[in-house]
Amino acid sequence: MSSLTPMTDVFRLPSAAAEKTFEITVADPLPGTDSGPPRLFYVMDPKYNIGPAIDLVRAMNQNGDIAPLLVVGVGTPLDTHREYVGYTMQTRNGLLVPPEEGVNDGIMGSLPDQPAPEAHRFLRFISEELDPLLRSRYTVSAKPAGIFGHSYGGLFGAYALLEQASTFDSFILSSTGMLGDRPTLQRALNAPAGSLKGRVFLGLGEYEDAYAKPYTGQLGVTWHRLCESLSPARHP
């Protein structure tokens, strides 16, 4: 157990689909509320994001802005800071990047032992192994889950959207780690009108907009193109 909230479980779960063991954090920011069972809400990169996600869900729920959510962090077991740095630069990239995307050599090419991108296997783990387990273990809404991802986590969330995985119907994608010449963005731009179902929020940092430095500026250009391609006018 952890002290993140009054009800937080942390456990390890081996995956046949991904051939890895994952560390799962399950947190109920407001246990005991009478607003009905919470919906599942998956958070990528939990070592960075689980704490802020719990605080934000708690605040927004107390203000009546959102319905209850059960926050689920999905990461890999890490015991030291050095292991975490290695995870950030290697294991994480393999898990979150779609196979057709490839690792961006301009960002990661100088690092040794880059894993093959395997977001398809990570998505199978969440959809086929983790999600059914959580729904059997906790009292949650039968509705599809939401997902939050930042950077490569946002790229993974976009991949889940494009795959139309039935596990999710809500996507919060922050500073999605995709560039204009990469397949994931092209796939989003070329998706037939009306083919993508789900609610999507796209976030961007102030200094990542189109007129910032070359790399972050490309993220800004991508963001604007995604907003246009995923607009309700094209995908009601």
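Preceding this paragraph is the structure being described.
Residues numbered from 1 in each chain as written. Predicted model: local features only at pLDDT ≥ 70, side-chain atom pairs only at ≥ 80, totals over all residues. Heavy atoms only, no water.

Counting through the fold element by element, Ser-175 comes out in the loop between strand E6 (168-174) and helix H6 (183-189). Residue Ser-175 is classed as buried on the basis of its relative accessible area, which comes to 7%. Contacts of Ser-175, omitting those with residues within four sequence positions, involve His-150, Ser-151, Gly-203, Leu-204, Gly-205 and Glu-208. (Helix = DSSP H or I, 4+ residues; strand = E, 2+ residues; numbered from the N terminus. Buried < 20%, exposed > 50% of the residue type's maximum accessible area, 1.4 Å probe, protein only. Contact = heavy atoms within 4.5 Å.)

Turning our eyes to something else, we now look at the nonpolar core. Core analysis: the largest hydrophobic core is formed by 46 residues, its most contacted members being Ile-24, Tyr-42, Val-74, Phe-122, Phe-125, Phe-156 and Phe-168. When residues in this core are grouped by element, the largest group, 8 residues, is from helix H5 (residues 152-163). If sequence neighbours within four positions are ignored, Phe-168 has contacts with Tyr-42, Leu-123, Ile-126, Pro-144, Ala-145, Gly-146, Ile-147 and Ala-160. Judged by nonpolar contacts, the second largest core, of 10 residues, contains Val-43, Val-57, Leu-69 and Phe-148. (Core = buried A, V, L, I, M, F, W, Y, C linked by side-chain atoms within 4.5 Å.)

With that settled, the discussion passes to the packing of aromatic side chains. The final tally for this structure, using the stated rule, is 6 aromatic pairs. Geometrically, the ring pair formed by Phe-22 and Phe-125 is stacked, given 4.2 Å between the ring centres and 15° between the ring planes. Here the residue Phe-22 occupies a position in strand E2 (residues 20-28), and Phe-125 occupies one in helix H4 (residues 119-137), the gap between them amounting to 103 residues. We classify Phe-125 as buried; its relative accessible area is 0%. A ring pair is formed by Tyr-42 and Phe-168, whose centres lie 5.8 Å apart and whose planes are at 85°; its orientation type is edge-to-face. A residue pair is termed long-range when its members are at least 10 positions apart, and Tyr-42 in strand E3 (residues 39-44) and Phe-168 in strand E6 qualify at 126 residues. (Phe/Tyr/Trp six-rings, centres within 6.5 Å; stacked < 30°, edge-to-face > 60°.)

This next bit is on the pattern of salt bridges. Side chains carrying opposite charge are able to pair once their charged atoms draw close together. For the coordinates displayed, the defined rule picks out 11 salt bridges. Across the salt bridge formed by Arg-121 and Glu-19, the nearest N and O atoms sit 3.2 Å from each other. Of this pair, Arg-121 sits in helix H4 while Glu-19 sits in the loop between strand E1 (7-15) and E2, placing them 102 residues apart in sequence. Residue Arg-121 is classed as partly exposed on the basis of its relative accessible area of 22%. Taking the relative accessible area as the measure of exposure, Glu-19 reaches 62% and is therefore exposed. Salt-bridge contacts for Asp-131 lead to Arg-135; the nearest nitrogen and oxygen are separated by 2.7 Å. (Salt bridge = Lys/Arg side-chain N within 4 Å of Asp/Glu carboxyl O.)

A few words now on the pairing of strand E5 (residues 145-150). Extensive coverage of E5 is indicated by the burial of 5 of its 6 residues. Pairing geometry for E3 and E5, over 3 bridges, is parallel. Each residue of the ladder has a partner; that of Val-43, found in E5, is Phe-148. Across 6 bridges, E5 lies against E6 in parallel orientation. Of the residues in E6, the one forming a bridge with Gly-149 is Leu-173. On the question of chirality, the crossover connecting E5 to the parallel E6 by way of H5 is right-handed. (Pairing = 2+ DSSP bridges. Right-handed = clockwise from strand over helix to strand, strands pointing away.)

Further remarks concern the pairing of E2. Counting buried positions along E2 gives 7 out of 9 residues, so the element sits mostly inside the fold. Relative to E2, E1 is paired through 9 bridges, and the arrangement is antiparallel. Note on E2: the bridge partner recorded for Ser-15 is Lys-20. What sits between E1 and E2 in their antiparallel hairpin is a turn of 4 residues, with Glu-19 showing a positive phi close to 55°. Bridge count between E2 and strand E4 (residues 69-75): 5 bridges; the pairing is antiparallel. Across the sheet, residue Glu-23 finds its bridge partner in E4, namely Gly-75.

That is the geometry; function is a separate question.
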